[in-house]
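# Structural overview for review
Chain by chain, the residues:
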Amino acid sequence: PRTFEEISVAIYNPAFDIIGDPAKWNPTTRQSADHSMVFILSSLLRRAIELGPEKIGSMSNDEIFCATMLSPMDYSLANLYNPITRKLMDKIKFVHDPEYDALYPDGIPTRVTIKGGGSEYSSGLVMYPSGHARNTTADLKGILDHKNRLLGALAVADVDSMLTKLGNIESKSAEEVANLYDFPISLETTSGREILYKHM
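Residues numbered from 1 in each chain as written. Predicted model: local features only at pLDDT ≥ 70, side-chain atom pairs only at ≥ 80, totals over all residues. Heavy atoms only, no water.

## Considering the overall build of the protein
Inclusion rule: Per the convention used, a helix needs a DSSP run of H or I reaching at least four residues, while a strand needs a run of E reaching at least two, with both numbered from the N terminus. Think of it in three bands: with a 1.4 Å probe and only protein chains considered, a residue is buried below 20% of the maximum accessible area for its type, exposed above 50%, and partly exposed in between. Only heavy atoms matter for contacts: two residues are in contact if any of them lie within 4.5 Å across the pair. Only the protein chains shown count as cover for residues, and all accessible areas are computed by the Shrake-Rupley method using a 1.4 Å probe. Neither His nor the chain termini are counted; the positive set is Lys and Arg, and the negative set is Asp and Glu. By convention, the charge on Lys lies at NZ, on Arg at CZ, on Asp at CG and on Glu at CD.
What the protein contains, in helices and strands, is eleven helices and six strands. Principal-axis analysis of the C-alpha atoms places the extent of the protein at approximately 60 × 40 × 35 Å. For the protein, the proportion of its 200 residues judged to be buried stands at 29%. The long-range share in the protein, meaning contacts at least 24 apart out of those at least 6 apart in sequence, stands at 61%. Surface exposure of the protein reaches about 12,400 Å², of which carbon and sulfur atoms provide 57%. Of the side-chain charges in the protein, 20 are positive and 26 negative, and the distance between the mean point of each set is 5 Å.

## A short note on the packing of aromatic side chains
Which entries qualify depends on this criterion: Pairing of aromatic rings covers Phe, Tyr and Trp, the last through its six-membered ring, and needs centres within 6.5 Å; plane angles under 30 degrees mean stacked, over 60 mean edge-to-face, and all others mean tilted.
Counting across every chain of the model gives three aromatic pairs. Measuring from centroid to centroid gives 4.4 Å for Tyr 12 and Tyr 104, while their planes differ by 20 degrees, and the two rings are stacked. In this pair, Tyr 12 sits in the loop between strand 1 (6-11) and helix 1 (15-18) while Tyr 104 sits in the loop between helix 8 (98-101) and strand 3 (111-116), placing the two residues 92 residues apart along the sequence. The class of Tyr 12 is buried, set by a relative accessible area of 9%. You can call Tyr 104 partly exposed: its relative accessible area is 33%.

## Details of a nonpolar patch on the surface
Applied cut-off: Patches here are clusters of residues that have more than 30% relative accessible area and form no salt bridge, with a 9 Å joining cutoff for like charges and a 5 Å cutoff for nonpolar side chains (Val, Leu, Ile, Met, Phe, Trp, Tyr). The term salt bridge refers to a side-chain nitrogen of Lys or Arg lying within 4 Å of a carboxyl oxygen of Asp or Glu.
A cluster of nonpolar residues, Met 73, Leu 151 and Leu 154, forms a patch on the protein surface that exposes about 250 Å² of accessible area. Looking at the element boundaries, Leu 151 is found in helix 9 (residues 140-152).

## Quick notes on the layout of surface pockets
Cut-off, in case you're wondering: Residues are said to line a cavity or pocket when one of their atoms sits within 4 Å of a point; the points come from a 1 Å grid over protein atoms alone, cavities being sets where a 1.4 Å probe fits but cannot get out and pockets being open sets with protein on both sides within 12 Å along at least five of seven lines. Grid points are joined across faces, edges and corners, and a volume is the space filled by probe spheres set on the points. In this count, Pro and Cys sit with the nonpolar residues alongside Ala, Val, Leu, Ile, Met, Phe, Trp and Tyr, while Asp, Glu, Lys and Arg are called charged and the others, Gly among them, polar.
Size it by volume and the largest pocket reaches roughly 1,900 Å³. Lining the largest pocket are 46 residues, and of these Leu 41, Leu 44, Phe 65, Thr 68 and Val 112 sit closest to its centre. When residues of the lining of the largest pocket are traced back to their parent elements, those giving at least two are strand 1, helix 3 (37-51), helix 4 (53-57), helix 5 (61-67), strand 3, strand 4 (119-122) and helix 9. Among the elements that line the lining of the largest pocket, the one with the most residues is helix 3, at seven residues. For the lining of the largest pocket, the residue count by class is 30 nonpolar, 13 polar and three charged.

## Focus on the packing of helix 9 against helix 10 (residues 159-166)
Two packed helices can be described by the angle between their axes and the distance between those axes. Quick reminder of the rule: Here, axes are lines fitted to C-alpha atoms. For helices the fit covers the stretch in contact, and angles between N-to-C directions go from 0 to 180 degrees. Should an angle lie under 35 degrees it is considered roughly parallel, over 145 roughly antiparallel, and from 65 to 115 roughly perpendicular; all remaining angles are considered oblique. When the near helix sits turned anticlockwise from the far one by under a right angle, the crossing is termed left-handed; a clockwise turn instead gives a right-handed crossing.
Where helix 9 meets helix 10, the closest approach of the two axes is 10 Å, and the angle between their N-to-C directions is 120 degrees. It follows that helix 9 is oblique to helix 10 by the angle criterion. Relative to helix 10, helix 9 is oriented so that their crossing is right-handed. Contacts between helix 9 and helix 10 involve Asp 145, Asn 148, Arg 149 and Gly 152 from the first element and Val 159, Asp 160, Met 162 and Leu 163 from the second. In the contact of helix 9 with helix 10, the residues fall into three nonpolar, two polar and three charged.

## A word on the pairing of strand 5 (residues 185-189)
This is how it is decided: A strand pair is defined by DSSP finding two or more bridges across the two strands.
Across five bridges, strand 5 lies against strand 6 (residues 192-197) in antiparallel orientation. The residue of strand 6 that forms the bridge with Ser 186 is Ile 195. The antiparallel pairing of strand 5 with strand 6 creates a hairpin that spans two residues between the two strands.

## Considerations on the sheet that holds strand 4
Strand order in the open sheet formed by four strands is 2-1-3-4, and the pairing between neighbours is mixed. The open sheet has two edge strands, strand 2 (92-96) and strand 4, and neither has a second partner. Pairwise comparison of adjacent strand axes, ignoring direction, gives a mean angle of 20 degrees for this sheet. Sheet contacts for helix 3: strand 1, strand 2 and strand 3; angle to strand 2, the most-contacted strand, approximately 125 degrees.

## As for the side chain of Asp 97
Mapped onto the secondary structure, Asp 97 falls in the loop between strand 2 and helix 8. The residues contacting Asp 97, other than those within four sequence positions of it, are Ala 10, Ile 11 and Arg 111.

## Concerning the pattern of salt bridges
According to the stated counting rule, one finds ten salt bridges in the structure shown. Between Glu 50 and Arg 46 there is a salt bridge, with the nearest N and O atoms lying 3.1 Å from each other. Taken together, the residues Glu 50 and Arg 46, both in helix 3 and four residues apart, mark about one turn of the helix. Taking the relative accessible area as the measure of exposure, Glu 50 reaches 51% and is therefore exposed. Using a relative accessible area of 5% as the deciding quantity, one classes Arg 46 as buried. One salt bridge in this structure joins Asp 74 and Arg 46, with 3.7 Å as the shortest N-O distance. Of this pair, Asp 74 sits in the loop between helix 5 and helix 6 (77-80) while Arg 46 is found in helix 3, placing the two residues 28 residues apart along the sequence. The same class applies to Asp 74 and to Arg 46, which are both buried.

Rendered as structure tokens:
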């Protein structure tokens, strides 16, 4: 973060007015952080920094998307005040690009420019990022599988069994659908995995 001089985000309206609202620049709760573009972008950049330039340089766009994907744990009290995230937040500024307004809602036109170390790096115009329904180059199935595994691991010990049970719903019987969510819900604790719910 010390080499980052400025992180400029060019966006469209209504995103500029809603997400760039200065009231969202200092989130103090999980709820406010979840609606703070400054916090979300800084958290993603922090994750990229933690991976390091060599690792990032060897990854595809989809791999980076998955590796930096945020989970509910990224909105914990400790992460809300992560010093690296907070330093990055201070370097972000939002710019409204009127030309981008006409490109919405077809896409979500955005451009991120990072200045630092005597260099400038720009994403260029991004209309359909990985994960967007209209992106034709990303492996959406792979991204969703990663997301399901990431979130599933927060609640169950056997993620594969859970995903198998929830998959191919169109071929399941009425009884199978009725019992779709009957699997143990557990939480990882310092003393191991604790069962919170188990169907009897």
